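# Tertiary structure, described
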Amino acid sequence: MKKIRLTTLFLAFWLALNPAFAGEGVKSQDDATDLAELDENPVAKLIRLQIEDNVQFGFGPDNGTLNFLRIEPTVAFNLSKRLSLVTRAIFPIVHQPFPQPADGVGEIGLQLFLAPRKKSNLFWGFGPAFVFPSATKEILGTEKWSAGPSAVLGYRAGRWVFGTIVNQLWSYAGADDRKDVNAMTLRPFVYFNFSHGWFLVSSPSIVASWNADDANHLWLIPVGGGVGKLFKLGSKGKGIKTSIEAYDHVKAPAIGPDWQLRFQLTFLFPR
């Protein structure tokens, strides 16, 4: 299994580094690459609809497959000449094989970011994050209302874009017989952009559950990355961005998962 995971990671990066994917290489930017870089800024002024499927292998005592399909619409609004409000909703659809098989909608999240409208290589945003007890089955959620701060910080340097999104959640209401929520999610991102919309990406979702029963359940730390491409639609700046990534979980709870594949499809509508 370890060899399969390493082979998958190597294949993803080899495909991305193949000169055929870079066209005539890294000599000049183009419209597709410009639009890809715009999407790599989480607080950019655009409308995006992202569909992300995370297939996680080696979960539970029977090494089952855990699946999170996330539908994430993001819309930016102008509040003033200097500030915009970026809203990002997260609708998860979950398949869970352990501790009991279950399929359904998970807990819906909402992130709100205040961000400067001025274009700059340095970009940032901050605001509140919320999670609602909307799971269609008890086993798929915490049955808690949770909220906390969220922030984005990033920088564009030539063909590189890097930064992170972080949020901390605490529960403040909900079922008394369920454990309180006290968790942090950290999603660093690094992109390298080739010509014609091709790019390399590493954007692992690192999770810390501060209420874990023991240290073995505290962290989930993936390491890896993948390759993607943006396809322009017509002449009005619209596009579709696709990517495939593989991550090895170098730190995970005792029940797993051991590794994951991530598939993304994003529809972009610049404003």
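This text follows the structure it describes.
Analysis parameters
- Within each chain, residue numbers correspond to sequence positions counted from 1 in written order.
- The model is predicted, so local features are restricted to residues of pLDDT at least 70 and side-chain atom pairs to those at 80 or more, both for listing and for counting; the totals for chains, interfaces and linings are taken over all residues.
- Where side-chain values are given, they derive from all heavy atoms of the structure, hydrogens and water being excluded.
- A run of H or I in DSSP becomes a helix once it reaches four residues, and a run of E becomes a strand once it reaches two; helices and strands are each numbered from the N terminus.
- Three labels apply to residues, based on accessible area from a 1.4 Å probe with only protein chains included: buried if under 20% of the type maximum, exposed if over 50%, partly exposed otherwise in between.
- Only heavy atoms matter for contacts: two residues are in contact if any of them lie within 4.5 Å across the pair.
- Per-residue and other accessible areas follow the Shrake-Rupley method at a 1.4 Å probe size, with only the shown protein chains counted as cover for residues.
- Working definition of a nonpolar core: buried Ala, Val, Leu, Ile, Met, Phe, Trp, Tyr and Cys residues. They are joined through side-chain atoms within 4.5 Å.
- To pair, rings of Phe, Tyr and Trp, with the six-membered ring standing in for Trp, must have centres within 6.5 Å; the planes then decide the type, stacked if under 30 degrees apart, edge-to-face if over 60, and tilted in the middle.
- Whether a charge sits over a ring depends on NZ of Lys or CZ of Arg being within 6 Å of the ring centre and within 35 degrees of the ring normal.
- Here, strands pair whenever DSSP counts at least two bridges between them.
- Like charges within 9 Å and nonpolar side chains (Val, Leu, Ile, Met, Phe, Trp, Tyr) within 5 Å are joined into patches, using only residues over 30% in relative accessible area that form no salt bridge.
- For this document, the term salt bridge refers to a Lys or Arg side-chain nitrogen within 4 Å of an Asp or Glu carboxyl oxygen.

### Quick notes on the overall build of the protein
When helices and strands are counted, the protein shows two helices and 14 strands. Evaluated residue by residue, the protein yields a buried proportion of 45% over its 271 residues. For the protein, the proportion of contacts with a sequence separation of at least 24, taken over those separated by at least 6, is 59%. Of the accessible surface of the protein, which amounts to about 13700 Å², a share of 65% is contributed by carbon and sulfur atoms.

### Observations regarding the environment of Leu 85
Positionally, Leu 85 belongs in strand E3 (residues 83–96). On the basis of relative accessible area, Leu 85 is assigned to the partly exposed category, the value being 23%. For the pair Leu 85 and Phe 113, spaced 28 residues apart in sequence, the C-alpha separation works out to 5.7 Å.

### Topic: the environment of Trp 145
Its location among the elements puts Trp 145 in strand E7 (residues 144–157). A relative accessible area of 38% means that Trp 145 is categorised as partly exposed. Through-space distance from the C-alpha of Trp 145 to that of Phe 132 is 5.2 Å; in sequence the pair is 13 residues apart. Beyond its immediate chain neighbours, meaning those up to four positions away, Trp 145 contacts Val 131, Phe 132, Pro 133, Trp 170, Ser 171, Tyr 172, Ala 173 and Gly 174.

### Observations regarding the nonpolar core
Val 43, Phe 113, Phe 123, Val 152, Phe 189 and Tyr 191 are the most contacted members of the largest nonpolar core, which totals 13 residues. Among the secondary structure elements, those contributing two or more residues to this core are strand E5 (109–116), strand E8 (160–174), strand E9 (182–193) and strand E10 (198–202). Not counting residues up to four positions away in its chain, the partners in contact with Phe 113 are Val 43, Ser 84, Leu 85, Val 86, Gly 125, Phe 126, Gly 127, Ser 150, Ala 151, Val 152 and Ile 165.

### Considering the packing of aromatic side chains
Tallied over the full model, the rule gives eleven aromatic pairs. Residues Phe 189 and Tyr 191 carry aromatic rings whose centres are separated by 6.2 Å and whose planes lie at 50 degrees to one another, so their mutual orientation is tilted. Taken as a pair, Phe 189 and Tyr 191 share a single burial class, namely buried. Taken together, the aromatic side chains of Phe 130, Phe 132 and Trp 145 make up a single cluster linked through ring pairs. A cation over an aromatic ring shows up here: Lys 229 above the ring of Phe 231, its NZ or CZ 4.5 Å from the ring centre. In this arrangement the basic side chain of Lys 241 is found over the ring face of Phe 199, its NZ or CZ atom lying 4.6 Å from the centre.

### Regarding helix H2 (residues 31–39)
Quick reminder: α-helices carry 3.6 residues per turn. Residues three or four places apart thus point the same way. All buried positions along H2 are accounted for by Ala 32, Thr 33, Leu 35, Ala 36, Glu 37 and Asp 39. In this structure, the buried residues of H2 make contact with strand E1 (46–59), E7, E9, strand E12 (219–233), strand E13 (238–251) and strand E14 (259–270).

### What about the pairing of E1?
Relative to E14, E1 runs antiparallel, the two sharing twelve bridges. The residue of E14 that forms the bridge with Gln 50 is Thr 266. Looking at chain direction, E1 and strand E2 (residues 64–78) are connected through eleven bridges and run antiparallel. The residue bridging Asp 53 from the neighbouring strand is Leu 69, located in E2.

### Some remarks on a nonpolar patch on the surface
The grouping of Leu 122, Trp 124, Phe 126, Leu 153, Tyr 155, Trp 160, Phe 162 and Val 190 at the surface amounts to a nonpolar patch, some 760 Å² of accessible area in total. When residues of the nonpolar patch are traced back to their parent elements, those giving at least two are strand E6 (122–131), E7 and E8. Sort the elements by how many residues they give to the nonpolar patch and E6 lands first, with three residues. Note that Phe 126 resides in strand E6.

### Description of the pattern of salt bridges
Opposite charge on two side chains lets them pair, provided their charged atoms get close. Applying the stated criterion across every chain, the model contains eleven salt bridges. Note that Arg 88 is salt-bridged to Glu 72, the shortest N-O span being 2.8 Å. Residue Arg 88 is found in strand E3, and its partner Glu 72 is found in strand E2; the two are separated by 16 residues along the sequence. The same class applies to Arg 88 and to Glu 72, which are both buried. Overlapping salt bridges, with partners in common, bring together Glu 52, Arg 70, Arg 187, Glu 245 and Arg 262 in one network.

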